[in-house]
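Analysis of the macromolecular model
Below are the chains, spelled out letter by letter.
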Number of protein chains: 2
Amino acid sequence: MEALKQRIIQDGRILPGNIVKVDGFLNHQVDTKFVGEMADEFAKLFDISKVTKILTAEASGIALAAVCSYKYGIPMVFAKKAKSDNIEGGLYQSAIFSYTYKKKVTLICAKEWINSNDKVLIIDDFMANGEAMRGLLGIVEQAGAELVGIGVAVEKGFQHGGDKLREDGYPVKSLAIIDSADENGFVFRED
Amino acid sequence: MEALKQRIIQDGRILPGNIVKVDGFLNHQVDTKFVGEMADEFAKLFDISKVTKILTAEASGIALAAVCSYKYGIPMVFAKKAKSDNIEGGLYQSAIFSYTYKKKVTLICAKEWINSNDKVLIIDDFMANGEAMRGLLGIVEQAGAELVGIGVAVEKGFQHGGDKLREDGYPVKSLAIIDSADENGFVFRED
């Protein structure tokens with residue numbers, strides 16, 4: 001998505017350690033008008049007509065998923081990050097390692113909200129090593145639901161989480177793939 | 001908002017300890033079509049035309065705020081919950097006590113995204129004792145921004161956080177105020 005690449009160049013920041021910040025328009029302040037354009041792009045990449053549920057993870061994926069959900073007229077579910085090991089029953093659980101928090105985090109989702117009749121589109125704002133995405137895929141699998149696709153706004157290609165998922169056969173589509181982000185600026189993968 | 005009260009009666013659950021769960025349509029699974037109707041209600045209660053920024057707190061307020069933001073064409077900001085005491089500079093910070101997590105939590109917001117020129121509408125999905133709302137108000141105050149209003153979807157009236165804010169002169173509007181939730185079901189405050 002050319003407009004997203006331009007927006008990343010304009011408003012994105014690169015911090016030491018190849019950290020990419022897009023918190024001016026995507027995941028702290030959110031330009032929901034622009035996010036609506038991203039939703040339109042996802043609608044070109046996936047067969048939205050068959051999707052029954054949009055799934056994302058708290059917290060930063062929620063705004064993007066909510067706008068997609070609203071525009072498509074499909075309910076969304078956000079998986080929660082369990083705050084303790086004391087997790088009640090009736091939940092799908094996916095343990096992941098969070099590089100952001102440098103610890104194990106468990107994504108949880110009440111079984112009531114996704115089941116084997118659902119056709120799920122996973123939407124997330126960001127993908128690096130793909131750990132959070134593996135967690136969401138675990139929830140879809142535990143539910144016995146069908147995966148329609150995985151839509152990511154910004155993928156850090158140089159951390160290869162997306163590439164590994166594609167190698168494993170998952171239908172991952174990212175609106176912008178950053179192949180390098182350093183003192184020389186951003187380099188994007190060709191579409 | 002009559003439709004919200006009916007939806008709470010239909011889909012809400014009351015757990016021991018007067019805990020109210022509306023996670024089937026508002027803050028786990030989200031019916032964004034219905035949330036869009038809530039956004040329309042808020043637009044009747046506040047002068048949206050003067051609002052420059054919508055502010056909420058992660059995670060459960062984000063979906064509602066995102067739909068409001070998208071419908072009104074106004075950017076949103078979500079305050080984050082700091083995961084450690086090691087908080088970087090350039091941030092507004094509001095310490096609150098989280099009854100959900102039974103510990104002190106600090107709401108943080110980068111100074112870049114709200115400033116003294118902003119006219120802020122705070123939106124949140126839920127209010128009980130009002131601690132999280134006090135935290136958001138602290139951010140607005142630190143920014144020197146103008147508060148246009150506080151819009152809440154579901155207020156637990158029997159925990160009095162909203163009443164105290166109204167006594168303090170804050171323009172709080174809740175779409176549904178639950179005055180009791182126990183084995184006898186829900187009782188709502190009259191509009």
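These numbers were taken from a predicted model, which means no experiment stands behind them. (Residues numbered from 1 in each chain as written. Chains lettered and ligands numbered in written order. Predicted model: local features only at pLDDT ≥ 70, side-chain atom pairs only at ≥ 80, totals over all residues. Heavy atoms only, no water.)

**What to know about the layout of surface pockets**
Residue and element names in this part refer to chain B. Estimated volume of the second largest pocket: approximately 240 Å³. Residue lining of the second largest pocket: 14 residues in total, with Lys173, Ser174, Leu175, Ile177 and Asp191 positioned closest to the centre. Mapped onto the lining of the second largest pocket, the elements with two or more residues apiece are helix 2 (32–45) and strand 10 (172–182). Looking at the lining of the second largest pocket, the element that brings in the most residues is strand 10, giving six residues. For the lining of the second largest pocket, the residue count by class is six nonpolar, one polar and seven charged. (1 Å grid on protein atoms, 1.4 Å probe; cavity = no way out; pocket = protein on both sides within 12 Å on 5 of 7 lines; lining within 4 Å. Points joined across faces, edges and corners; volume = space filled by probe spheres on them. Helix = DSSP H or I, 4+ residues; strand = E, 2+ residues; numbered from the N terminus. Nonpolar A, V, L, I, M, F, W, Y, C, P; charged D, E, K, R; others polar.)

**Digging into the interface of chain A and chain B**
In this assembly, 36 residues from chain A lie in contact with 35 residues from chain B. When the buried surface of chain A facing chain B is broken down by residue, His28, Gln29 and Tyr70 of chain A rank first, second and third, together holding 26% of it. The tally of links from chain A across to chain B stands at 18 residue pairs in polar contact (both at pLDDT 80 or more). At the level of elements, strand 3 (29–30), helix 2 (32–45), helix 3 (62–72), strand 5 (76–81) and strand 7 (103–110) of chain A are the ones that each hand at least two residues to the side of chain A that touches chain B. At seven residues, the largest contribution of residues to the side of chain A that touches chain B is made by helix 3 of chain A. Across the side of chain A that touches chain B, the residue classes tally to 18 nonpolar, eight polar and ten charged. Here strand 3 of chain A runs beside strand 5 (residues 76–81) of chain B; their pairing, made up of two bridges, is antiparallel. Within strand 5 of chain B, the residue paired with Gln29 of chain A across the bridge is Val77 of chain B. (Contact = heavy atoms within 4.5 Å. Buried area = accessible area lost by both parts, 1.4 Å probe. Polar contact = N/O pair within 3.5 Å; in protein donor to acceptor, adjacent residues only side chain to side chain. Pairing = 2+ DSSP bridges.)

**Brief notes about the relation of the copies chain A and chain B**
Screw-axis analysis of chain A against chain B gives a translation of 0.0 Å along the axis, an RMSD of 0.0 Å, and a rotation angle of 180°. When the rotation and shift are considered jointly, the pair of chain copies conforms to a two-fold rotation axis. Looking at chain A, 97% of its interface residues are interface residues in chain B too, so the copies touch through the same face. (Least-squares fit on C-alpha atoms with pLDDT ≥ 70 in both.)

**Concerning the nonpolar core**
Core analysis: the biggest nonpolar cluster contains 81 residues, and Leu4, Ile8 and Met38 of chain A together with Leu4, Ile8 and Met38 of chain B have the highest contact counts within it. Apart from residues lying up to four places away in sequence, Ile8 of chain B is in contact with Val22, Phe25, Val154, Ala176, Ile178, Phe186 and Phe188 of chain B. (Core = buried A, V, L, I, M, F, W, Y, C linked by side-chain atoms within 4.5 Å. Buried < 20%, exposed > 50% of the residue type's maximum accessible area, 1.4 Å probe, protein only.)

**What about the pattern of salt bridges?**
Applying the stated criterion across every chain, the model contains 28 salt bridges over all chains. With a closest N to O distance of 3.8 Å, Lys21 of chain B and Asp23 of chain B form a salt bridge. (Salt bridge = Lys/Arg side-chain N within 4 Å of Asp/Glu carboxyl O.)

**Overview of the pairing of strand 8 (residues 119–127) of chain B**
All names here are of chain B. Across the nine residues of strand 8, seven count as buried, placing the element largely inside the fold. Pairing of strand 8 with strand 9 (residues 146–156) involves eight bridges; the strand directions are parallel. By the bridge assignment for strand 9, Lys119 is matched with Glu146.

**Quick look at the side chain of Lys53 of chain A**
Relative to the elements of secondary structure, Lys53 of chain A occurs in strand 4 (residues 53–57). Looking at Lys53 of chain A, the relative accessible area reads 11%, which means it is buried. Excluding its chain neighbours within four sequence positions, the residues that come into contact with Lys53 of chain A are Ile74, Pro75, Val77, Trp113, Ile114, Asp118, Lys119, Val120 and Leu121 of chain A together with Gln29 of chain B.

**Concerning helix 1 (residues 2–11) of chain B**
Residues and elements named next belong to chain B. Among all positions of helix 1, only Leu4, Lys5, Arg7 and Ile8 are buried. Within helix 1, the buried residues cover an arc of 160° as seen down the axis, which keeps them to one side. On its buried face, helix 1 sits against helix 2, strand 9, strand 10 and strand 11 (185–188). (Arc of directions from axis to C-beta.)

**Focus: the packing of helix 2 of chain A against helix 3 of chain A**
Residues and elements named next belong to chain A. Contact pair helix 2 / helix 3: the axes reach a minimum separation of 9 Å and the direction vectors enclose 65°. Relative to helix 3, helix 2 is oriented so that their crossing is right-handed. Here helix 2 contributes Thr32, Val35, Gly36, Met38, Ala39, Asp40, Phe42 and Ala43 to the contact with helix 3, which in turn contributes Ala63, Leu64, Val67, Cys68, Lys71 and Tyr72. Looking at the contact of helix 2 with helix 3 residue by residue, the classes come out as ten nonpolar, two polar and two charged. (Axes fitted to C-alpha atoms, helices over the stretch in contact; angles between N-to-C directions. Left-handed = near helix turned anticlockwise from the far one by under 90°.)

**Thoughts on the environment of Phe25 of chain A**
Residue and element names in this part refer to chain A. Position of Phe25 among the secondary structure elements: in the loop between strand 2 (19–21) and strand 3. Sequence separation between Phe25 and Ile8 is 17 residues; the distance between their C-alpha atoms is 9.1 Å. Sequence-distant contacts of Phe25, that is, excluding residues within four places in its chain, are made with Leu4, Arg7, Ile8, Asp11, Val30, Asp31, Phe34, Val35 and Met38.

**So, the packing of aromatic side chains**
All chains considered together, the criterion is met by seven aromatic pairs over all chains. Between the aromatic rings of Phe25 of chain B and Phe34 of chain B, the centroid separation amounts to 5.9 Å while the plane-to-plane angle is 75°, which identifies the pairing as edge-to-face. One exposure class covers both Phe25 of chain B and Phe34 of chain B, and it is buried. Seen from the ring of Phe34 of chain A, Arg7 of chain A lies directly overhead, with NZ or CZ sitting 5.1 Å from the centre. (Phe/Tyr/Trp six-rings, centres within 6.5 Å; stacked < 30°, edge-to-face > 60°. Lys NZ or Arg CZ within 6 Å of the ring centre and 35° of its normal.)

**Considering the confidence of the model for chain A**
Per-chain confidence: chain A averages 94 in pLDDT, with 96% of residues scoring 70 or above. This prediction of the complex comes with two scores: 0.96 for pTM and 0.96 for ipTM. (pLDDT = per-residue confidence, 0-100.)

**Describing the side chain of Arg7 of chain A**
Residue and element names in this part refer to chain A. Considering the arrangement of structural elements, one finds Arg7 in helix 1 (residues 2–11). Under the relative-accessibility criterion, Arg7 is labelled buried at 16%. Once residues within four sequence positions are removed from consideration, Arg7 is found in contact with Gly12, Phe25, Asp31 and Phe34.

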